[in-house]
Amino acid sequence: MEKTPQGTSVGVDDPYEFAGLCDHLTGEGQCRYALEHYSHDPEFARERASEEYACPVVDPETDETWADCPHFRSRNRERECVRCGLEEKRMAHDNERPLLEEHHLSYARDGTQLSHEITVYLCRWCHAKVHTSWARITDDAARDPEAIAALEERRGREREQLGFESAAERYDTGDEQRR
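Please read all numbers here as calculations on a predicted model, not as lab measurements.

Engineer: Which residues make up helix H4 (residues 145-162), and what values do they have?
Structural biologist: Counted at 1.5 Å a residue, the expected span for H4 with its 18 residues is 26 Å, and the 26 Å between its end C-alpha atoms agrees. Along H4, the residues that are buried comprise Ala147, Ala150, Leu151 and Arg154. All buried residues of H4 project into a common sector of 95° when viewed along the axis, lining one side. The outward face of H4, more than 90 degrees from its buried face, is lined by the exposed residues Pro145, Arg159 and Glu160. Summarising the contacts, the buried residues of H4 are in contact with helix H3 (124-132).

Engineer: Before we move on, could you go through the side chain of arginine 83 and cite the residues and values that matter?
Structural biologist: The topology assignment puts arginine 83 in the loop between strand E1 (73-75) and strand E2 (100-104). In terms of polar contacts, arginine 83 uses its side chain to reach the backbone carbonyl oxygen of arginine 136, at 2.9 Å. When neighbours within four sequence positions are excluded, arginine 83 is seen to be in contact with Leu122, Cys126, Lys129, Val130, Ala135, Arg136, Ile137, Asp139 and Ala141.

Engineer: Describe the nonpolar core, with residues and values.
Structural biologist: In this structure, Cys81, Leu86 and Cys123 are the most contacted members of the largest nonpolar core, which totals 35 residues. Only helix H1 (32-36), helix H2 (42-50), strand E3 (117-123), H3 and H4 provide two or more residues apiece to this core. With five residues, E3 is the single largest residue contributor to this core. Contacts of leucine 86, omitting those with residues within four sequence positions, involve Arg79, Glu80, Cys81, Leu99, Leu100, Cys123, Trp125, Arg143, Ala147 and Leu151.

Engineer: Describe unusual backbone geometry, naming the residues involved and giving the relevant values.
Structural biologist: Here glutamate 52, not a glycine, exhibits a phi torsion of approximately 55°, which is positive. Its place among the elements puts glutamate 52 in the loop between H2 and E1. Of note in the backbone geometry, tyrosine 53 takes a positive phi value of approximately 65° without being a glycine. Along the chain, tyrosine 53 falls in the loop between H2 and E1.

Engineer: Which residues make up the packing of aromatic side chains, and what values do they have?
Structural biologist: On inspection of all chains with the given rule, the structure shows three aromatic pairs. Taken together, a centroid distance of 6.0 Å and an interplanar angle of 40° make the contact between tyrosine 16 and phenylalanine 72 tilted. Separated by 56 residues along the polypeptide, tyrosine 16 in the segment before H1 and phenylalanine 72 in the loop between H2 and E1 bring together distant segments of the chain. Relative to phenylalanine 72, the ring of tryptophan 66 lies with its centre 5.0 Å away and its plane at 25°, an arrangement referred to as stacked. On the basis of relative accessible area, phenylalanine 72 is assigned to the buried category, the value being 0%. Within the aromatic cluster, the residues linked to one another by ring pairs are Tyr16, Trp66 and Phe72. The ring of tyrosine 121 carries the charged tip of arginine 79 above its face, separated from the ring centre by 4.4 Å.

What counts and how
Residues numbered from 1 in each chain as written. Predicted model: local features only at pLDDT ≥ 70, side-chain atom pairs only at ≥ 80, totals over all residues. Heavy atoms only, no water. Helix = DSSP H or I, 4+ residues; strand = E, 2+ residues; numbered from the N terminus. Expected span 1.5 Å × (residues − 1). Buried < 20%, exposed > 50% of the residue type's maximum accessible area, 1.4 Å probe, protein only. Arc of directions from axis to C-beta. Contact = heavy atoms within 4.5 Å. Polar contact = N/O pair within 3.5 Å; in protein donor to acceptor, adjacent residues only side chain to side chain. Core = buried A, V, L, I, M, F, W, Y, C linked by side-chain atoms within 4.5 Å. Phe/Tyr/Trp six-rings, centres within 6.5 Å; stacked < 30°, edge-to-face > 60°. Lys NZ or Arg CZ within 6 Å of the ring centre and 35° of its normal.

So this is what it looks like as structure tokens:
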């Protein structure tokens with residue numbers, strides 16, 4: 001199983017199995033990285049420009065994979081835990097700890113700097129289980145009772161904030177004062 005530099009598990013054998021499309025890929029099959037960040041890697045950008053910025057990985061004529069691209073990045077944008085399905089519930093104007101955390105599936109190996117960023121979201125309970133045990137992100141996992149309680153507590157606070165309360169109720173100026 002893949003490990004972090006500290007030796008803890010990331011919960012997968014091959015991070016690329018869980019990577020989606022590259023975040024730099026445009027709808028036309030071009031490499032946005034080469035178009036927008038020319039100065040970061042001029043040689044790469046020149047090579048892509050000579051091919052009209054076409055991404056070689058999505059070209060069915062090539063055998064290239066996402067692992068071959070030096071600037072591949074795949075960040076999950078789904079706002080739920082990929083392991084147990086717990087959805088994020090953030091409260092406006094509140095700095096409390098989020099229910100979901102970014103979980104990195106790829107790290108530098110053998111002292112080399114890995115330029116690929118492959119991340120998914122895990123709830124903080126699943127995140128801890130993956131890093132402290134043999135848990136995998138593909139496990140058929142039930143939501144942790146503490147996670148359910150935290151989510152329901154936030155939903156309750158959200159309902160309170162959205163509830164309508166008249167000024168008479170808010171300031172306790174009912175019929176008794178009008179008499």
